Amino acid sequence: MAFSKYVKHLTAFLSLTILMGTSHEFAHHFSAAMVCGCFGEKTFNSFSLCPGCQENNPLWILPTYIGPLFTFAMMWVGFFKLKKGSIIQKHLGFALIMANFPVNRILFALMGANDEQFASGILFGFDNTMAFWLTNLGIWLFTIPPLWLCFTSINSKRKILSFLGYFILPFIFVYLFAGLFLEEWLLLETQFLANAILGIPYLLLMVEAMALFGYLLFRKYIYKYPYLKLN
């Protein structure tokens, strides 16, 4: 029984992780359509503008920032739930912060490879060291307070191990499942459900629907049967 509850808790949490990741990409995609006046194309991990937008619209870079801004906003919704909410809201807040896999924002920015660094490179030059570190600083200001609150809210003798588990697991899961399996193999290599509507592959829509179903079905196991005690 305990193992079953753990699997359901993990299913809810990882479903939320998928939802946050795809919503990040939808934020890119639909804001790009609003800026450009037409739909580009998107996959699980990337988006492209419709033809001619970059050349003819001075705001073409804006959608690149919208995805991270959505992610940061969701983390801060989680922050306030965790800080001031009921015990149920605290667990939902903790899950919401970690399900947006902040390690991805921090790590890839340091490597110069994420949305924020790409946009800053376009605006200020890819060899601009000050812009590079100011972008990292901005990301740290958005991510470290929610992460610190997560860490200090854990009521466990294995606080560090518990924190690292929730901090690292979503990144590994998204990299292996969404990145290598869904994107690289299923969508791009085998072209499974690769036909698109409004630039969105049917496979992505199917995964989004399954993740939403999994979260709604098992979300009570995030807070009713939590596997992490919070202060």
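If you're wondering where the values come from, they're calculated on a predicted model, not measured in any experiment.

**Student:** Help me out: how do you make sense of the side chain of His28 in this one?
**Tutor:** With respect to the helices and strands, His28 occurs in helix 1 (residues 2-36). With a relative accessible area of 1%, His28 lands in the buried category. Separated by 2.9 Å, the side chains of His28 and Asp115 make a polar contact. When sequence neighbours within four positions are dropped, the list of residues in contact with His28 reads Phe47, Pro63, Thr64, Gly67, Pro68 and Asp115.

**Student:** Is there a simple way to think about helix 8 (residues 159-189) in this case?
**Tutor:** Residue pairs spaced three or four apart in an α-helix point in one direction, given the helix's 3.6 residues per turn. Remark: the principal bend of helix 8, roughly 40°, maps to Leu182. One or two residues past the end of helix 8 sits Gln191, with phi positive at roughly 60°.

**Student:** Would you take a moment to explain the packing of aromatic side chains for this structure?
**Tutor:** Remark: the centre distance and the inter-plane angle together describe each pair of aromatic rings, the angle taken between the planes. One pass over the structure, following the stated rule, counts 19 aromatic pairs. Between Phe79 and Phe80, the ring centres sit 5.2 Å apart and the planes meet at 90°, which makes this aromatic pair edge-to-face. You can call Phe79 buried: its relative accessible area is 11%. Plain terms: the ring middles of Phe108 and Phe171 are 5.9 Å apart, the flat faces sit at 55° to each other, and that makes the pair tilted. Placement of the pair is Phe108 in helix 5 (residues 102-110) and Phe171 in helix 8, with a sequence separation of 63 residues. An aromatic cluster of at least three residues, connected via ring pairs, comprises Trp148, Phe151, Phe163 and Phe167. In this structure, Lys159 is placed above the aromatic ring of Phe151, and the distance from its NZ or CZ to the ring centre is 5.3 Å.

Thresholds applied
Residues numbered from 1 in each chain as written. Predicted model: local features only at pLDDT ≥ 70, side-chain atom pairs only at ≥ 80, totals over all residues. Heavy atoms only, no water. Helix = DSSP H or I, 4+ residues; strand = E, 2+ residues; numbered from the N terminus. Buried < 20%, exposed > 50% of the residue type's maximum accessible area, 1.4 Å probe, protein only. Polar contact = N/O pair within 3.5 Å; in protein donor to acceptor, adjacent residues only side chain to side chain. Contact = heavy atoms within 4.5 Å. Bend = angle between axes of the 7 residues up to and from the residue. Phe/Tyr/Trp six-rings, centres within 6.5 Å; stacked < 30°, edge-to-face > 60°. Lys NZ or Arg CZ within 6 Å of the ring centre and 35° of its normal.

Shape is all these values report; function is a separate question.
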